[in-house]
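Spelled out from the first residue to the last, the chains are:
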Amino acid sequence: GAMLGAGRASSDLSDLSVLKMVSRGSETRAVCITGPPASGKTISMLRIATEAALAALLTSDVSDADESSAARAARAASLAIHSMLMVLPNADSPHSVDNLRIPLFLRASELSRYIDDMGGGDVDLVELFVKKKWPDYAEVLLKLYDLGHLLPIVDGLDEGAVHRKRIEDFVSEALERHPGMSLIVSTREKHFNESRRSQRLEAFKPAQVQPLDEQGQDDLISYRVKEEQRGEFKVQLAVVTAGAPELKESPFLLTLLTNLFNQEGSLPRDRTELYERQVRSALKLFFSSREAATVAKLGLNYEDLAAVQDRSFEFLRTLAFVCHSVTKAREFDFNSTDASKKFQGALADRWGEVQTEFLEHSRGSEEVTGKAFETSEMEKWLMPQEGSCVSILVCTSEHERKYRFGHLTVQEYLAASFVARFKDPADIWAALHDKRQAISGQWNREVLLFSVGMMDEDMFFGFAALLLGKEDGSGVLCALVKELAQRWGLLPFTRFNSSSSAFRTHRIWNLSNLLESKFQEIRTPEAVALGLCHPSRELRRMVLSELNLFRASSVMEQVVGELARISQDGKRGASGVGEFQRCAALLSLAQLELDDESLEVARLSGIIRMVGPSSGKQLRSAASAALGTSLLRKFGPEQHGKFSLEQFQATLFTICQKGGLPEKEVAASVGLVTPGFVVAVFLRNDLLALAKVQWLADLALQTCRTSPGAEDSTGKPLNIKVVERVTLREPSCGEIERELTAH
């Protein structure tokens, strides 16, 4: 896929380039902007929509005599859009009306709400959105849609929640129904990968939002932090982001950090504290601007101000939890529809529980304001109307009293904050798992990551044990526990409050053993091997992903052996497999992530035996591809400098001997000896040893002679200059070594 820069003009792929990718005549009709949470996807989508709108504004006029129905529809839509923007089209523009595409920006969260309101039935989602969102312009926009002059830009497929699959299926089907139309969508990276594994969004070319680089970070900091405070800010930022670089690589999170620093002079310790302080800071700012007259209009006494402010954080996290676990959506409202009544009832129930706990806690406490408030009173204060907590909540329809949290990660943090209140792991399961959305679903992922980070050690291990106890044989909950433990629970000891590091180590050891035994229970080596040879590519991907995730050493060893046997004779016990499965076994064998050197050699030996002439053409082709993948994993560019020449020779000699193939032929066919390989050998002072191996020296000279010429020594890094001098001074340095050194 392509790479989209994080808000910089010098990005690898600009917003305008995305439009060019889906322009008329281009082979690419569909692009999906991907990235992690809070990486700037929505900002990129809005910029793309703006660029498309600006391009539409440049559309030229054409004479009535030559005007086609498409051109008339295009001009009508253009005038409608221009009227909305209070801008007239440029009649002198050289651009063709035939190329006009009006951008239609759709939020998947709004689409999800419209689907709920519709109550079922099959309907075109673009048509549904246009009629709901832009009824005054529906006729002309739908005409454009039919003629292929509309450019739907669907933001946040991951925010479609329970309707995500339906929306993803629709955008793919829309491309087939409208051959001349292009589409741009966005979603979180993990959601995109999951959808691809389920054979959705296959027509969409991914364009990944890249992390904010150092220059981008400096630009943002310079813009938002006063010059005399930047030094202190950067010192604190370096400490905070040492183990969490995503805090400075995300434009959204880095902006939150600058906001907090400007307001409070200090930075939070981690992402969880960042969100908490940001929400509380926004509430403080919101309430500090309230005046007696405003309070009166909202139906409350001015004396209630402190109490409402004290309760607002509790209400917001209750609201977020209900949105997440009950309605499973971003949008919410306080109307009289059935869906809204369900939402309001759940909110009232949960808020009542919180109020009861609060009043019990406030008895005898002078620090807590012991006053309860109804849901309707909190709504008057916090829902955007006369004044607004704009950084927390936004109004999507003032007339319909519809709202959402300003950013999905804010909703996820607040929902997780509510979940962290639970004292029993079973309550978390009950709150986040039902028929509409499994606890392991992507909708719950960030909430779980946030909430696990807020748990104490006892709660975390209790929750992990509960999940493993509910494992149904699919391996999904095992994978979830593994991810949660790696991300939070198994991080440095200070993450939890255990008083004994030995005790904590013992608990982690128990959890690790439990995970491996559970995996072995549900995935026998024979079953895993057959899954990796299955005709379904999707099933092979899933099994491989699961196996690489757990990397259970005892299982991996047996799987390597089983795949090697299947590839060689197609037999597993009394049952046999065909040539296709034997090829799949070779390719899967090459993709295993192995940590053990002996397993690595066993893998390579098993593959190279199938490269020889005794194998059929199809098997030889698969074996050659598998061998290339395996060797590049071990000796490719990413590994340069991590192995010695002696290790390289020994491994290659062993596997080639077992396969009866010349080392030079194998190394040349795979492309192991590259300029980068030679440079790595050179920097390890192994060049003289390389020159003594004739076939290796021949390949090294060949690759260097065909690569770009040597630079002048003045432009070489210091480490290369030093090694160069040392090499040339060696008494044994001959003609080959001198030529390689020059290159």
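Residues numbered from 1 in each chain as written. Predicted model: local features only at pLDDT ≥ 70, side-chain atom pairs only at ≥ 80, totals over all residues. Heavy atoms only, no water.

Focus on the packing of helix H28 (residues 597–608) against helix H29 (residues 617–635)
Thinking step 1. The contact between H28 and H29 brings their axes to 9 Å, and the two run at 155°. Relative to H29, the element H28 is oriented roughly antiparallel. The way H28 lies across H29 gives a crossing that is left-handed. Contacts between H28 and H29 pair Glu597, Glu600, Arg603, Leu604, Ile607 and Ile608 from the former with Ala623, Ala626, Leu627, Ser630, Leu631 and Lys634 from the latter.
Thinking step 2. For the contact of H28 with H29, the residue count by class is seven nonpolar, one polar and four charged. (Axes fitted to C-alpha atoms, helices over the stretch in contact; angles between N-to-C directions. Helix = DSSP H or I, 4+ residues; strand = E, 2+ residues; numbered from the N terminus. Parallel < 35°, antiparallel > 145°, perpendicular 65-115°, else oblique. Left-handed = near helix turned anticlockwise from the far one by under 90°. Contact = heavy atoms within 4.5 Å. Nonpolar A, V, L, I, M, F, W, Y, C, P; charged D, E, K, R; others polar.)

Describing the packing of helix H27 (residues 579–591) against H29
Thinking step 1. The contact between H27 and H29 brings their axes to 8 Å, and the two run at 5°. By the angle between their axes, H27 is roughly parallel relative to H29. Of H29, the residues touching H27 (which contributes Glu579, Arg582, Cys583, Leu586, Leu587, Ala590 and Gln591) are Gln618, Leu619, Ala622, Ala623, Ala625, Ala626, Thr629, Ser630 and Arg633.
Thinking step 2. Here the contact of H27 with H29 is built from residues that sort into nine nonpolar, four polar and three charged.

Things to note about the sheet that holds strand S9 (residues 402–405)
Thinking step 1. Spatially, three strands are ordered S7-S9-S8 in an open sheet, and the strand pairing comes out antiparallel. A single partner strand is all that each edge strand has here, and the edge strands are strand S7 (332–333) and strand S8 (393–397).
Thinking step 2. With two bridges joining them, S7 and S9 adopt antiparallel strand pairing. By the bridge assignment, phenylalanine 332 is partnered in S9 with tyrosine 403. (Pairing = 2+ DSSP bridges.)

Quick word on the pattern of salt bridges
Thinking step 1. Following the criterion strictly, the structure yields 31 salt bridges and no others.
Thinking step 2. Its salt-bridge partner being arginine 164, residue glutamate 168 comes within 3.2 Å of it at the nearest N-O pair. Of this pair, glutamate 168 and arginine 164 both sit in helix H7 (residues 164–177), four residues apart, roughly one helical turn.
Thinking step 3. Owing to a relative accessible area of 9%, arginine 164 belongs among the buried residues under this scheme. (Salt bridge = Lys/Arg side-chain N within 4 Å of Asp/Glu carboxyl O. Buried < 20%, exposed > 50% of the residue type's maximum accessible area, 1.4 Å probe, protein only.)

Quick look at the nonpolar core
The tendency in soluble globular proteins is for nonpolar side chains to be buried side by side.
Thinking step 1. In this structure, Leu319, Phe332, Leu382, Phe405 and Leu467 are the most contacted members of the largest nonpolar core, which totals 89 residues.
Thinking step 2. With 11 residues, helix H15 (residues 305–327) is the single largest residue contributor to this core.
Thinking step 3. Excluding anything up to four places from it in sequence, leucine 319 contacts Phe332, Phe343, Leu347, Met383, Leu393 and Phe405.
Thinking step 4. Leu547, Met610, Val666 and Val673 belong to the second-largest nonpolar core, a separate cluster that totals 59 residues. (Core = buried A, V, L, I, M, F, W, Y, C linked by side-chain atoms within 4.5 Å.)

Overview of the pairing of strand S5 (residues 183–188)
Thinking step 1. For S5, a buried count of six out of six residues is recorded, marking the element as mostly surrounded by other parts of the structure.
Thinking step 2. Examined bridge by bridge, strand S4 (residues 150–155) and S5 share two bridges and lie parallel to one another. Its bridge partner being in S5, isoleucine 153 is matched across the sheet by isoleucine 184.

Comments concerning the environment of proline 103
Thinking step 1. In this structure, proline 103 sits in strand S3 (residues 102–107).
Thinking step 2. For proline 103 and isoleucine 48, which are 55 residues apart along the polypeptide, the C-alpha to C-alpha distance reads 8.9 Å.
Thinking step 3. If near-sequence neighbours (up to four positions away) are discounted, proline 103 is found in contact with Ala49, Ala52, Ala53, Leu151 and Ile153.

Here's the deal with the packing of aromatic side chains
Thinking step 1. For the structure shown, the criterion picks out 22 aromatic pairs.
Thinking step 2. Residues tyrosine 413 and phenylalanine 450 carry aromatic rings whose centres are separated by 5.7 Å and whose planes lie at 75° to one another, so their mutual orientation is edge-to-face. Of the two residues, tyrosine 413 is situated in helix H18 (residues 408–419) and phenylalanine 450 in helix H20 (residues 442–454); the sequence distance between them amounts to 37 residues. Each member of the pair, tyrosine 413 as well as phenylalanine 450, is classed as buried.
Thinking step 3. Ring centres of phenylalanine 643 and phenylalanine 648 lie 6.2 Å apart, and the angle between their planes is 25°; on these two criteria the pair is classed as stacked. Note on accessibility: phenylalanine 643 and phenylalanine 648 belong to one class, buried.
Thinking step 4. Here a set of aromatic residues connected by ring pairs shows up, and it is made of Phe332, Phe334, Phe343, Tyr403 and Phe405.
Thinking step 5. One residue, arginine 271, lies across the ring of phenylalanine 450, its end atom 4.0 Å from the ring centre.
Thinking step 6. Above the face of the tryptophan 429 ring, lysine 470 is positioned so that its terminal group lies 4.9 Å from the ring centre. (Phe/Tyr/Trp six-rings, centres within 6.5 Å; stacked < 30°, edge-to-face > 60°. Lys NZ or Arg CZ within 6 Å of the ring centre and 35° of its normal.)

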